[in-house]
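Structure at a glance
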Amino acid sequence: MSSPTDATSRGHLSWMEVALEEARRGADEGEVPVGAVLVQDGVALAAAYNRPVALHDPTAHAEMLVLRAAGQRVGNYRLPAATLYVTLEPCVMCAGALVHARVACLVYGTADPRGGGVESLYHILEDPRLNHTVQVISGVRAEESQVLLQEFFRTRRQPSCSRGSGVASGRGTEVDVTGPTRNRVVP
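Per chain, residue numbering runs from 1 following the sequence as it is written. Totals for whole chains, interfaces and linings use every residue, but because this is a predicted model, local features are given only for residues with pLDDT of at least 70 and side-chain atom pairs only at 80 or more, for both listing and counting. To obtain the side-chain values, all non-hydrogen atoms of the structure were included, while hydrogens and water were left out.

A few words on the overall build of the protein chain. When you go through the protein chain residue by residue, the secondary structure sums to 6 helices and 7 strands. Counting from the N terminus, the helices are the DSSP runs of H or I reaching at least four residues and the strands are the DSSP runs of E reaching at least two. Counting from the amino terminus, the protein chain carries its helices and strands in the arrangement α-β-β-α-α-β-α-β-β-α-α-β-β. Residues classed as buried in the protein chain amount to 40% of the 187 residues present. Counted over contacts in the protein chain with a minimum sequence separation of 6, partners at least 24 positions apart contribute 55%. In short, Shrake-Rupley with a 1.4 Å probe defines the accessible areas, and a residue's cover is counted only from the protein chains shown. Within the structure as shown, the protein chain displays about 9,900 Å² of accessible surface, and the carbon and sulfur contribution to it stands at 52%. For the exposure calls, accessible area comes from a 1.4 Å probe over protein chains only, and a residue counts as buried if that area is under 20% of its type's maximum, exposed if over 50%, partly exposed in between. Contacts between residues were defined by any pair of non-hydrogen atoms, one from each residue, lying within 4.5 Å.

This brings us to helix α4 (residues 92-101). With 7 of 10 residues buried, α4 is to be regarded as a mostly interior element. Taken together, the buried positions of α4 are occupied by C94, A95, G96, A97, L98, V99 and A101. Here the buried face of α4 lies against α3 (62-74), β3 (82-88) and β4 (105-110). Directly after α4, the chain includes R102, whose backbone phi takes a positive value near 60°.

We now examine the nonpolar core. Counting residues in hydrophobic clusters, the biggest one holds 36 residues, and the most contacted among them are L38, L67, L79, L84, L106 and L125. Listing elements by their share of this core, those giving two or more residues are β1 (35-40), β2 (43-49), α3, β3, α4, β4 and α5 (142-157). By nonpolar core we mean a set of buried residues, namely Ala, Val, Leu, Ile, Met, Phe, Trp, Tyr and Cys, connected to one another through side-chain atoms within 4.5 Å. Within the second largest apolar cluster, 11 residues are counted, among which are A19, A23, V140 and L148.

Right, let's get into the environment of H132. Inspection of the secondary structure assignment puts H132 in the loop between β4 and β5 (135-138). Remark: the alpha-carbon pair of H132 and L98, spanning 34 residues in sequence, is separated by 9.1 Å. Discounting chain neighbours no more than four positions away, the residues touching H132 are L98, V99, R102, V103 and L125. The definition of a polar contact used here is a pair of N or O atoms within 3.5 Å, where within protein one atom must be able to donate a hydrogen and the other to accept one, and adjacent residues in sequence count solely through side-chain atom pairs. Of note is the side chain of H132, whose polar atom sits 2.8 Å from the backbone oxygen of V103.

To continue, consider the confidence of the model for the protein chain. In predicted models, pLDDT denotes the confidence assigned by the predictor to each residue on a 0 to 100 scale. With 81% of its residues at a pLDDT of 70 or more, the protein chain has an overall mean of 87. Within the model, pLDDT remains below 50 along residues 165-187, and this stretch shows 38 contacts once partners closer than five positions in the same chain are excluded.

Further remarks concern the environment of V53. The topology assignment puts V53 in helix α2 (residues 52-55). Remark: the alpha-carbon pair of V53 and E31, spanning 22 residues in sequence, is separated by 6.5 Å.

Here 5 strands make up an open sheet; going across it, the order is β2-β1-β3-β4-β5 and the pairing mixed. Two strands bound the open sheet, and with one partner strand each, they are β2 and β5. With strand direction ignored, the average angle separating the axes of adjacent strands in the sheet is 15°. Any two strands are treated as partners once DSSP identifies two or more bridges connecting them. When β3 meets β4, the two strands line up parallel, connected through 5 bridges. Bridge pairing in β4 places V86 opposite Y108. Packing of α3 onto the sheet brings it into contact with β1, β2 and β3, and relative to β2 it is tilted by some 145°. Interaxial angles span 0 to 180 degrees and are taken between N-to-C directions of axes, which are lines fitted to C-alpha atoms, for helices over the stretch in contact.

Let us now look at the state of the cysteines. By disulfide we mean two sulfur atoms from cysteines, separated by a distance within 2.5 Å. Tallying each qualifying case throughout the model produces 0 disulfides. The structure places no disulfide on C91, whose sulfur is separated from the nearest cysteine sulfur, that of C94, by 3.7 Å. Assessed through its relative accessible area of 18%, C91 is described here as buried. Residue classification places C94 among the buried positions, given a relative accessible area of 0%.

Laid out in structure tokens, this is it:
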């Protein structure tokens, strides 16, 4: 017979698989592979992957998209009984949104040492000056989440000729990746 902790741990692994599937979908569409799913009472309220490129929206992180969709679904921006599963440690923007949405728990995969707003750089979710704190569980399927990001950026770092893009001029078309969430167009 399994203990409640074992059941909870298995649940975290299962929901993180949903987030990983979303991240893979994002990678297939050329987005930074971060996926998220928001769960309440054992039901997924929303799932999404990063879409800032496709939506031309710097706020279209997976976390923001699931919070928006879940808020619409339940008819309230506050989600105090929800748990967010995401493959990468949320940035400052997304961590702030979790506080405003009053999300109960965050479960994430791999840390973001260059932009993490939860544990790596900032500790927004546990800041006592804010009106809400969020329970954090980190490292769930971290290796899979990290490998997905590393493979995505390794492919992006290859010269365009080795990717078969056929770009002749190269002007403003190469992407220089300086971190897991930082891209810039090279003139």
